[in-house]
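As a plain string of letters, each chain reads:
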Amino acid sequence: MLYAGLKTLHLIGVVLLVGNAIVTLIWKLAADRTCDPRVLACAERLVVITD
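So, a few notes on the structure that sits alongside this text. Worth saying up front: this structure is predicted, and the values here are computed from it rather than measured.

Focus: the overall build of the protein chain
The secondary structure content of the protein chain amounts to 2 helices and 0 strands. Its C-alpha atoms put the protein chain at 55 × 15 × 5 Å along the principal axes. Buried positions account for 8% of the 51 residues belonging to the protein chain.

If you want it as structure tokens, here you go:
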């Protein structure tokens, strides 16, 4: 029972970590495509906060 609970907790942590990394990548790529310095600054700030 303890093993299954820890394994489930571990899998949830991995999904949250990978999901956060993917969303951050999408934000950064979308901001880079705009070439607007204000959008880039906002995206960079959010990337630093989420990391």
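Details of unusual backbone geometry
Residues other than glycine seldom take positive phi values, yet cysteine 35 does so here, at roughly 60 degrees. Inspection of the secondary structure assignment puts cysteine 35 in the loop between α1 (2–34) and α2 (37–50).

With respect to the pattern of salt bridges
Tallied over the entire structure, the rule returns 3 salt bridges. Measuring nitrogen to oxygen at the nearest pair gives 2.7 Å for the salt bridge that ties aspartate 32 to lysine 28. Placement of both aspartate 32 and lysine 28 in helix α1 is noted, with a separation of 4 residues, approximately one turn of the helix. Overall, lysine 28 belongs to the partly exposed group, its relative accessible area being 25%.

How each quantity is defined
- Residues numbered from 1 in each chain as written.
- Predicted model: local features only at pLDDT ≥ 70, side-chain atom pairs only at ≥ 80, totals over all residues.
- Heavy atoms only, no water.
- Helix = DSSP H or I, 4+ residues; strand = E, 2+ residues; numbered from the N terminus.
- Buried < 20%, exposed > 50% of the residue type's maximum accessible area, 1.4 Å probe, protein only.
- Salt bridge = Lys/Arg side-chain N within 4 Å of Asp/Glu carboxyl O.

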